[in-house]
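Here is what each chain is made of, one letter per residue.
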Amino acid sequence: AWNGLGWAVWETEGDQAAYDAFDTSLSLDVSVQGLAGKAGTGRRLGVISNDEARQMLNAALTIDPDYIWAVRELGWSHLDDGDAHPALTSFEAALEIEPNDINARYGKGRAHLAKGEGDTALEMFNSVLADVPQDFPTLVYRIITLRNLDRNAQALREADRLIEAFPQRSSGYIEKGQALIALQRRAEAIETYARAETELGPNNAILYWHADALTIDGRFTEALAVIDRGLKLDGVDYSDHLLRSYIALELEDYPLARTAAEASLAMGV
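Residues numbered from 1 in each chain as written. Predicted model: local features only at pLDDT ≥ 70, side-chain atom pairs only at ≥ 80, totals over all residues. Heavy atoms only, no water.

Undergrad: Help me understand the packing of aromatic side chains in this model?
TA: Geometry of an aromatic ring pair is reported as the spacing of the ring centres plus the angle between the planes. By the definition in use, this model includes eleven aromatic pairs. Judged by centre distance (5.0 Å) and plane angle (90°), the rings of Y208 and W209 are edge-to-face. The exposure class assigned to Y208 is buried, which follows from its relative accessible area of 18%. Through pairs of rings, three or more aromatic residues link up here, namely W76, F91, Y106, F125 and Y141. Here the guanidinium or amino end of R110 rests over the ring plane of Y141, the centre of that ring lying 3.9 Å away. One Lys or Arg, R169, reaches over the ring of F136 and ends 3.8 Å from the middle of that ring. (Phe/Tyr/Trp six-rings, centres within 6.5 Å; stacked < 30°, edge-to-face > 60°. Buried < 20%, exposed > 50% of the residue type's maximum accessible area, 1.4 Å probe, protein only. Lys NZ or Arg CZ within 6 Å of the ring centre and 35° of its normal.)

Undergrad: What is the right way to look at the layout of surface pockets in this model?
TA: Over the atoms a probe the size of a water molecule is rolled, and this reveals where empty space is left. Here the largest pocket is characterised by a volume of approximately 210 Å³. Considering every element that reaches the lining of the largest pocket, the biggest residue donor is helix α5 (residues 68-80), with five residues. (1 Å grid on protein atoms, 1.4 Å probe; cavity = no way out; pocket = protein on both sides within 12 Å on 5 of 7 lines; lining within 4 Å. Points joined across faces, edges and corners; volume = space filled by probe spheres on them. Helix = DSSP H or I, 4+ residues; strand = E, 2+ residues; numbered from the N terminus.)

Undergrad: Can you walk me through a nonpolar patch on the surface in this structure?
TA: A cluster of nonpolar residues, W2, L5 and L28, forms a patch on the protein surface that exposes about 310 Å² of accessible area. Following the sequence through the fold, L28 ends up in helix α2 (residues 15-28). (Patch = residues over 30% accessible without salt bridge, like charges linked within 9 Å, V, L, I, M, F, W, Y side chains within 5 Å. Areas by Shrake-Rupley, 256 points an atom, 1.4 Å probe, with all protein chains shown as cover. Salt bridge = Lys/Arg side-chain N within 4 Å of Asp/Glu carboxyl O.)

Undergrad: I would appreciate a short explanation of the pattern of salt bridges in the present structure.
TA: Pairing between side chains of opposite charge can happen when the charged atoms of each approach one another. In total, this model carries 21 salt bridges according to the counting rule given. The residue D160 makes a salt bridge to K176 at a minimum N-O spacing of 3.0 Å. Residue D160 is found in helix α10 (residues 152-165), and its partner K176 is found in helix α11 (residues 171-182); the two are separated by 16 residues along the sequence. D160 sits in the partly exposed class, given a relative accessible area of 34%.

Purely geometric stuff here, so don't read any function into it on its own.
As structure tokens, then:
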């Protein structure tokens, strides 16, 4: 019952509620779903390291070697660590259990992309989208892959389609801006991010890339104002402070550059 509750609240309330349920489940009895569920949710919450999560996932797989959720989660844990080779092995193992598993196929594409195998990744993403044309993560990573392959004009077209299909999601605007930057169309990229803020409201990711585009364009004072707005929102990480430090250096505001760099280091980088 606690495992069932874990999966239910994972869908409706997120990782923390699910983690609590799986943790309670394991305090009563060891089970495949309890081990895998606690490992996966705890890893994403940051209360369990990827290595600790893998130990729990492997323990689950000693009970049921074909529990595909645990096999896939091994792949995602490796990918989060930047280890593309074992991630690919895990996703391929999942596909041996269920050849049409969408998550494993998407993960395999991500692993190939992380290995620098953009053409293979693109084939994988195209294959997934042939079966689930509106799968949002795959649509986003297909555009990222096109940009990695320097197919920026095509990436731009796909980003426009993503915005049209998902107008309340930030990824389409971000990818459109990145494609425009790569095409040396900085003014249009800046306009895209400004439009995104108008359409979506305050958004940390949009403001980061808006500030980055202004920085590339040499508009450092404007960039500082934008990144400062972003730092007041949820979702801030070390990269926001790092960009602020770089902008401050360009403005020769060395005390601010140091403060921002120290804030970045305090977040783990």
